[in-house]
Structure formats: structure tokens, C-alpha cells
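Below, each chain spelled out in residue letters.
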Amino acid sequence: MRNKLLISLIALTCLSWPLSARDFIRGIVYDVGLMYGGSSLSVKDFNPEQVEYDMNVISDILRCNAVRIEGEDIDRLTAASEIAHEQGLRIFFNPWKMGADPEETASYMAKAAKAAEILRKRGFDITFVAGCEYTLFSKGAFPGETFDERFKWLVSLGESGKSKDEIIATMTECNNKLNSILGKICAAVRAEFSGPITYSSGVWEQVDWNMFDIIALDHYRHGENDAEYMAVIERLAGDKPVVVLETGCCTYKGAAKRGGEGFAIFQGTDADGNGIYEGGAAPERSESEQAQYVAEQIQLLSESPAADGVFIFVFRYPIYPYSNEGIDYDLTSYALVKSFKDTDPRSHRIPAWEPKEAFFRLGELYTRLSNQASK
């Protein structure tokens with residue numbers, strides 16, 4: 001399998017794509033299991049052998065030099081970080097307990113920071129990610145007890161008919177709450193961890209970056225032109241590194257314009273088990289649209305002096321398997337590889353996935369960046 005992937009990537013090097021030669025963080029997001037409001041983790045089973053295979057591919061074939069490892073279980077995060085370190089990868093250690101309140105989050109982060117500090121003392125190149133889009137995924141900054149309630153509140157605010165000044169005042173109050181919470185989280189983490197700390201912010205959040213060592217944001221493109229997209233990053237550029245910790249695209253026609261909201265086109269299933277989609281019909285699968293989006297993001301960010309790195313979301317997402325019959329959950333997955341249903345024999349092999357077009361495109365571009373940086 002690896003030889004076939006490598007041959008495919010070598011073939012792709014005939015493509016011409018100018019990229020920056022500077023030392024740019026070439027990252028990918030790797031999920032070890034998150035609880036997105038359901039009853040099961042996004043990665044049901046943690047298989048160290050599979051993780052070892054994946055990290056080898058991420059380092060040697062995709063030519064990443066960094067991996068953002070996200071998940072709720074601290075033991076899984078630690079195990080995956082150890083494997084990533086063996087592959088020479090820089091680690092962005094991202095513990096994430098969704099739905100928790102500020103006190104629960106601070107306590108959880110302190111525990112995770114202890115684990116990260118042990119790794120740092122062993123010589124790991126590790127950055128602690130002290131939260132991600134807290135306003136939506138956790139309690140206390142936005143109104144609402146669940147992600148859906150908080151997300152709907154944010155959307156409704158823009159459609160409320162309130163004046164610009166009223167909306168700004170409302171968001172300022174929420175951001176003040178957010179920064180107060182982040183201050184407590186930072187204090188809890190820094191008491192246990194002596195390495196660099198960052199936070200993965202949503203573009204709607206106004207974070208006090210004085211608390212952090214690296215400025216980071218989840219910055220998806222939603223049809224903006226280059227200048228509009230980069231303006232968000234350029235406003236943050238200064239004395240601290242600025243990294244896009246998350247961007248990516250789903251696998252259907254029209255997904256590029258939806259960016260980080262591409263998943264929302266799938267709205268559940270009916271009584272007969274059929275998929276319910278916005279607009280009434282399933283979108284047309286398009287691996288090429290996903291691949292093009294990923295390529296454009298890497299090119300744009302790597303060529304800008306304002307950006308110091310990018311992490312593409314996400315390597316693998318087994319909770320959304322591919323199928324050519326019934327519901328193809330992979331349509332609304334950001335994964336660079338296709339996973340399979342538990343009933344499919346392919347889900348029990350190593351690797352338990354097959355690459356999509358975006359996998360190859362990312363590998364080609366990251367290889368070029370790596371080769372240019374080493375000259």
C-alpha cells in the first residue's frame with residue numbers, strides 16, 4: 001500500500017506549483033476521539049498499530065512536519081504523541097472536553113497539561129492547545145447549553161435585525177466572558193506545563209493573545225477572494241507566530257463555498273433510514289473539489305509572510321464512512337482518506353482507509369515545500 005502511495009506522489013511531482021521556500025509548518029489534524037454531542041467518540045477504537053501506520057504516512061509520504069492531535073482521552077493523546085514524536089513530528093497537543101463548563105474545563109486542562117509536561121521533559125517538540133472555539137463547543141461564553149443552541153444563537157444574531165453597534169456590543173460582552181474563561185484555563189495549564197501554549201480560535205472570537213505564545217485560528221474559506229481571506233490573518237501578524245490550526249473542505253460539489261459549514265448540508269435520517277439533506281437531495285460527490293480547496297489554501301498561506309503554518313482538517317474521520325450504497329457519510333467528511341463501515345472488511349485491516357484526491361494533492365504540495373525549505 002505504501003509503495004503505491006509513494007509512486008503516486010512521485011508521479012504528481014510533474015505538476016507545477018510555485019511555493020515558498022521558507023520553513024513553513026506543514027500540518028495536519030489527527031483525531032483520536034472526540035464526543036460531538038453524541039453517545040460515542042468520533043474514533044471508536046484506538047489502535048496503536050493503526051496510529052503508528054498513520055503517523056508514518058503523515059511524516060514520510062505526506063511530508064508533514066507537524067500534527068495537531070486532538071481528542072478527549074488524555075491517555076490516547078499521550079500515546080499518539082509518543083508515536084508522532086518517533087516520526088520526528090512537531091506536536092500540537094489538543095485535549096478537548098466538549099460541553100464542559102469553565103471549572104470542568106480548567107480542571108481537565110490542568111490534568112492534560114501534566115501529561116504534556118512529561119512529554120516535553122522527554123524532549124518532545126510540543127505545543128499545548130488550550131481549547132478550540134470555546135464559545136461554540138463549551139459552556140459559559142455564548143448563551144445555550146448545547147452546541148446546537150449556541151450555534152443557532154450565533155447565526156440568529158446576524159439575522160436578528162439588530163444594528164451593527166448592538167451586535168458589536170453583544171459580541172463584546174461574549175468575548176469578555178471568553179477571555180475571562182481562557183485566562184483561568186491558561187493559569188491552570190501554565191501551572192503544570194512549561195512549553196508554548198496556544199488556543200485555536202474561531203474567526204468570530206476576539207481573543208486576548210497576550211495570554212498565549214502562538215496566535216492560532218480555525219480559518220476556513222467561504223468564497224472570499226484572496227485579499228479578504230488573508231486580511232483576517234494579516235491583522236493578527238506581529239511579534240508572535242500566526243498559524244491556521246484548521247481549514248479544509250467536504251467531499252461534494254459546492255462544498256468549497258461552504259467551508260467550515262459544509263457538514264451542515266446533512267441534516268439526519270428519516271424513518272426509513274434515508275439521508276435528509278438541505279435542498280432535498282444528496283449533493284454530488286466530488287473529491288476534486290475537496291482537493292482543489294486544500295491546494296489553494298496551502299498555496300495561499302505558504303506564500304504569505306503573515307502566516308507561519310497551516311493544519312489541514314482532517315486526516316481520518318471513521319465515524320463518517322464512505323459507501324456507494326445508501327448514505328455516503330464521507331460526502332460531508334473533511335477527511336483526506338475514506339473510512340469504511342464496520343461491516344466492510346476494509347475497516348479491519350491496516351490501513352483501515354483509502355486515500356482521496358486531496359490526500360495526494362496535499363502530499364505533492366507539502367513535498368515541494370519540504371524540498372524547497374531544505375535547499
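Residues numbered from 1 in each chain as written. Predicted model: local features only at pLDDT ≥ 70, side-chain atom pairs only at ≥ 80, totals over all residues. Heavy atoms only, no water.

*Asks:* Looking at this model, I keep getting lost on the environment of Ile61. Mind explaining?
*Replies:* Structurally, Ile61 can be placed in helix α2 (residues 48-61). For Ile61, a relative accessible area of 2% puts it in the buried group. It is 9.8 Å that separates the C-alpha atoms of Ile61 and Phe359, two residues lying 298 residues apart in sequence. (Helix = DSSP H or I, 4+ residues; strand = E, 2+ residues; numbered from the N terminus. Buried < 20%, exposed > 50% of the residue type's maximum accessible area, 1.4 Å probe, protein only.)

*Asks:* Whenever I open this one, the sheet that holds strand β4 (residues 126-132) confuses me. Can you help?
*Replies:* Pairing between the strands of a sheet is mediated by backbone hydrogen bonds and can be parallel or antiparallel. Ordered by their spatial adjacency, eight strands build a closed barrel running β1-β2-β3-β4-β5-β6-β7-β10, and the pairing between neighbours is parallel. Going from strand to strand, the sheet's axes swing by 25 degrees on average, the running direction of each strand aside. Relative to strand β10 (residues 309-312), strand β7 (residues 242-247) runs parallel, the two being bridged by three bridges. Residue pairing across strands places Val243 opposite Gly309, the latter belonging to β10. Docked against the sheet, helix α4 (residues 102-121) engages β2 (66-71), β3 (90-95) and β4, running at close to 165 degrees with respect to β4. (Pairing = 2+ DSSP bridges. Axes fitted to C-alpha atoms, helices over the stretch in contact; angles between N-to-C directions. Contact = heavy atoms within 4.5 Å.)

*Asks:* What is the right way to read the packing of helix α3 (residues 74-86) against α4 from this model?
*Replies:* Geometry of a packed helix pair, given as the angle between the helix axes and the separation of the axes. Between α3 and α4, whose axes approach to 10 Å, the crossing angle comes to 25 degrees. When the axis of α3 is compared with that of α4, the two are roughly parallel. For the pair α3 and α4, the sense of crossing is right-handed. Contact residues: α3 offers Ile74, Thr78, Ser81 and Glu82, while α4 offers Tyr108, Lys111, Ala112, Ala115 and Leu119. (Parallel < 35°, antiparallel > 145°, perpendicular 65-115°, else oblique. Left-handed = near helix turned anticlockwise from the far one by under 90°.)

*Asks:* Explanation requested: helix α11 (residues 357-373) in the structure shown.
*Replies:* Because each turn of an α-helix spans 3.6 residues, side chains separated by three or four positions end up pointing in the same direction. For α11, spanning 17 residues, the distance from its first C-alpha to its last is 25 Å, which sits close to the expected 24 Å at 1.5 Å a residue. Residues of α11 that are buried include every one of Ala358, Phe359, Phe360, Leu362, Gly363, Glu364, Leu365, Tyr366, Thr367, Leu369 and Ser370, and no others. (Expected span 1.5 Å × (residues − 1).)

*Asks:* What am I meant to see in the layout of surface pockets here?
*Replies:* It is a probe the size of a water molecule, rolled over the atoms, that shows where empty space is left. In this structure, the second largest pocket spans a volume of roughly 580 Å³. As for the second largest pocket, its lining consists of 26 residues, and the residues nearest its centre are Asp45, Arg316, Pro318, Asp342 and Ser347. At the level of secondary structure, the elements contributing two or more residues to the lining of the second largest pocket comprise β1 (25-31) and α2. Across the lining of the second largest pocket, the residue classes break down as twelve nonpolar, seven polar and seven charged. (1 Å grid on protein atoms, 1.4 Å probe; cavity = no way out; pocket = protein on both sides within 12 Å on 5 of 7 lines; lining within 4 Å. Points joined across faces, edges and corners; volume = space filled by probe spheres on them. Nonpolar A, V, L, I, M, F, W, Y, C, P; charged D, E, K, R; others polar.)

*Asks:* Looking at this model, I keep getting lost on helix α6 (residues 147-158). Mind explaining?
*Replies:* End to end, α6 covers 17 Å across twelve residues, agreeing with the expected 16 Å (1.5 Å per residue, within 8%). Within α6 the residues assigned to the buried category are Arg150, Trp153, Leu154 and Leu157. Looking straight down α6, one finds that the buried residues subtend no more than 95 degrees of arc, so they occupy a single side. Where α6 is buried, its residues contact α5 (134-137) and α7 (164-190). (Arc of directions from axis to C-beta.)

*Asks:* Could you clarify how one ought to interpret empty space enclosed by the protein in this entry?
*Replies:* Applying the stated criterion across every chain, the model contains one cavity of 30 Å³ or more. Roughly 50 Å³ of internal volume is contained in the largest cavity. In this structure, the largest cavity is lined by Trp96, Lys97, Thr105, Met109, Gly131, Cys132, Tyr134 and Ser138. If you list the elements that add at least two residues to the lining of the largest cavity, you get α4 and β4. Across the lining of the largest cavity, the residue classes break down as four nonpolar, three polar and one charged.

*Asks:* What am I meant to see in unusual backbone geometry here?
*Replies:* Apart from glycine, the bulk of residues carry a negative phi angle, and the bulk of peptide bonds sit in the trans form. With an omega of 0 degrees, the peptide bond between Phe313 and Val314 qualifies as cis. Locating Val314 in the fold gives a position in the loop between β10 and β11 (337-338). Each neighbour pair has its own omega, and for Ile350 with Pro351 the value is 5 degrees, a cis peptide bond. Note that Pro351 resides in the loop between β11 and β12 (354-355).

*Asks:* Is there a simple way to think about the pairing of β7 in this case?
*Replies:* Burial within β7 is extensive, with six of its six residues counted as buried. As defined by bridge partners, strand β6 (residues 214-218) adjoins β7 across four bridges and the pair is classed as parallel. Opposite Ala216, over in β7, you have Val243 as the bridge partner. Each parallel crossover has a hand, and for β6 linked through helix α8 (residues 226-234) to β7 it is right-handed. (Right-handed = clockwise from strand over helix to strand, strands pointing away.)

*Asks:* Help me understand the packing of aromatic side chains, please; the structure alone is not making it clear to me.
*Replies:* Here the distance between the centres and the angle between the planes together describe a pair of aromatic rings. One pass over the structure, following the stated rule, counts 22 aromatic pairs. Ring centres 6.5 Å apart and planes at 65 degrees place the aromatic pair Tyr36 and Phe137 in the edge-to-face group. Remark: Phe137 occurs in helix α5 and Tyr36 occurs in the loop between β1 and α2; sequence separation between them is 101 residues. On the accessibility criterion, Tyr36 (35% relative accessible area) is partly exposed. The exposure class assigned to Phe137 is buried, which follows from its relative accessible area of 13%. (Phe/Tyr/Trp six-rings, centres within 6.5 Å; stacked < 30°, edge-to-face > 60°.)

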